[in-house]
Amino acid sequence: VAQKLSVPFANGDATAYSPTGFQGADVDSVLHELYLKSEGDISKAETGIVFIDEIDKLASHNSNNSKAEALHSSTQSAMLKMIEGKNVKLPQSLTGEHGPPILLNTSKILFCFGGAFNGLQDIVGKKMGYTGKKVSLRDSFEHNIEEQIKSFEIYNKASHEILTESLIEYGLSTEFVGRIQTIVPLLPLNRDEMRECLLDLEDSPIRRNQLFFAESNIEIDFSEDYFDAVIDKAIKSGTGTRALNSIV
């Protein structure tokens, strides 16, 4: 999307951030990346797109103790300040410039968040009156595509209100969820799409490995059976294309 609109794009993982940067990166550092991608043009940076992944890891559902929960909830508050459309001061140490601090206004930046949210489908399902067998992807490690699609359909039928309530119950703060106007479930990739990611993408794991071996003058070939086996394993793992890289 950023390429089509010719705007700068920055992305990061929620797990890498902490409220004040004392343990991991400061939340604002993703804005600094946006500033660098804009080659120092503030007005360009202020119309960019920021994508933050693994946002589900900041929910109390995934905090294993009260200390982690406190840290995660303050990280959520720090993110909330960033997405609320305020002037954010870029850290001098990062910009490397002396003189007045650089202020970046975030009100026109498009913020997108993503996450796997394992177990959220149970909360949504319960609110929608589903009973019987749990619809969780965690039932067993043999996640089949039907099970993943079942979870997607539950999300798809849920109203915005139910999704919002479920995310709050999952442990994201009310204010944070309230700032996010659009919540969209993503359909799991089917076999053909997985195959495309494995073979046809510019940065596909197969191509990357062939290049890696080519550096040592070794030509490596993969069989059709191998591709099928990798796709089977990746679908069972339930982690999408991320699994393709590790399996290959």
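Up top is the structure.
Residues numbered from 1 in each chain as written. Predicted model: local features only at pLDDT ≥ 70, side-chain atom pairs only at ≥ 80, totals over all residues. Heavy atoms only, no water.

Student: Go over the overall build of the protein, please, and point to the residues and values.
Tutor: When you go through the protein residue by residue, the secondary structure sums to 13 helices and seven strands. Classification of the 248 residues of the protein by burial places 36% in the buried group. For the protein, the share of sequence-separated contacts (at least 6 apart) that also reach a separation of at least 24 residues comes to 65%. On the protein, roughly 14700 Å² of surface is accessible, and the fraction owed to carbon and sulfur atoms is 52%. (Helix = DSSP H or I, 4+ residues; strand = E, 2+ residues; numbered from the N terminus. Buried < 20%, exposed > 50% of the residue type's maximum accessible area, 1.4 Å probe, protein only. Contact = heavy atoms within 4.5 Å. Areas by Shrake-Rupley, 256 points an atom, 1.4 Å probe, with all protein chains shown as cover.)

Student: How would you sum up a negative patch on the surface? Please name residues and give values.
Tutor: The grouping of Asp192, Glu193, Glu196 and Asp200 at the surface amounts to a negative patch. With respect to the helices and strands, the residue aspartate 200 is situated in the loop between helix H10 (191–199) and helix H11 (205–214). (Patch = residues over 30% accessible without salt bridge, like charges linked within 9 Å, V, L, I, M, F, W, Y side chains within 5 Å. Salt bridge = Lys/Arg side-chain N within 4 Å of Asp/Glu carboxyl O. Lys, Arg positive; Asp, Glu negative; His and termini not counted. Charge placed at Lys NZ, Arg CZ, Asp CG, Glu CD.)

Student: Break down the nonpolar core for me, citing the residues and quoting the values.
Tutor: In this structure, Val30, Leu31, Val50, Ile52, Ile55, Met79 and Val124 are the most contacted members of the largest nonpolar core, which totals 39 residues. Elements with a contribution of two residues or more to this core: helix H2 (29–37), strand S4 (49–53), helix H4 (66–83), helix H6 (120–127), helix H7 (145–157), helix H8 (160–170) and helix H9 (174–178). Top element by residues in this core is H4. It accounts for five residues. Each residue touching leucine 31, except ones within four places of it in the same chain, is listed here: Val50, Met82, Val88, Leu90, Leu104, Thr106, Ile109 and Phe111. With eleven residues, the next largest nonpolar core counts Met194, Cys197, Leu198 and Val230 among its residues. (Core = buried A, V, L, I, M, F, W, Y, C linked by side-chain atoms within 4.5 Å.)

Student: How would you summarise the pattern of salt bridges if you had to cite specific residues and measurements?
Tutor: For the structure on display, the rule yields eleven salt bridges. With a closest N to O distance of 3.4 Å, aspartate 53 and arginine 242 form a salt bridge. Residue aspartate 53 is located in strand S4, and its partner arginine 242 is located in helix H13 (residues 241–247); the two are separated by 189 residues in the primary sequence. Taking relative accessible area as the criterion, arginine 242 reaches 52% and is therefore assigned exposed. Aspartate 228 serves as the salt-bridge partner of arginine 195, at 3.8 Å between the closest nitrogen and oxygen. Taken as a pair, arginine 195 in helix H10 and aspartate 228 in helix H12 (residues 224–237) lie far apart in primary sequence, 33 residues in all. In this structure arginine 195 comes out as partly exposed when scored by relative accessible area, which is 25%. What emerges from the salt-bridge pattern is a single network uniting Arg191, Arg195, Glu224, Asp228 and Asp232.

Student: Residue-level account of unusual backbone geometry, with values.
Tutor: In this model, glutamate 39 sits at a positive phi of 50 degrees, which is unusual for a non-glycine residue. Along the chain, glutamate 39 turns up in the loop between H2 and helix H3 (42–45). For asparagine 217, which is not glycine, the phi dihedral falls at a positive 60 degrees. Mapped onto the fold, asparagine 217 is located in the loop between H11 and H12.

Student: Tell me about the sheet that holds strand S7 (residues 110–113), and name the residues and values.
Tutor: Judged by pairing direction, the sheet is parallel, and its three strands sit side by side in the order S1-S4-S7 without closing on themselves. Both edges of this open sheet fall to strand S1 (9–13) and S7, since each of them pairs with a single strand only. This sheet shows a mean twist of 15 degrees between the axes of neighbouring strands, independent of strand direction. Relative to S4, S1 runs parallel, the two being bridged by five bridges. Its bridge partner lying in S4, aspartate 13 is registered against aspartate 53. This element, H2, spans S1, S4 and S7 of the sheet and lies at about 155 degrees to S1. Strands S4 and S7 of the sheet are contacted by H4, whose axis makes an angle of about 150 degrees with S7. (Pairing = 2+ DSSP bridges. Axes fitted to C-alpha atoms, helices over the stretch in contact; angles between N-to-C directions.)

Student: Give a description of the packing of aromatic side chains that names residues and reports values.
Tutor: Applying the stated rule across the entire model yields six aromatic pairs. Ring geometry for phenylalanine 222 and phenylalanine 227: centres 6.4 Å apart, planes at 40 degrees, overall tilted. For phenylalanine 222, a relative accessible area of 21% puts it in the partly exposed group. (Phe/Tyr/Trp six-rings, centres within 6.5 Å; stacked < 30°, edge-to-face > 60°.)

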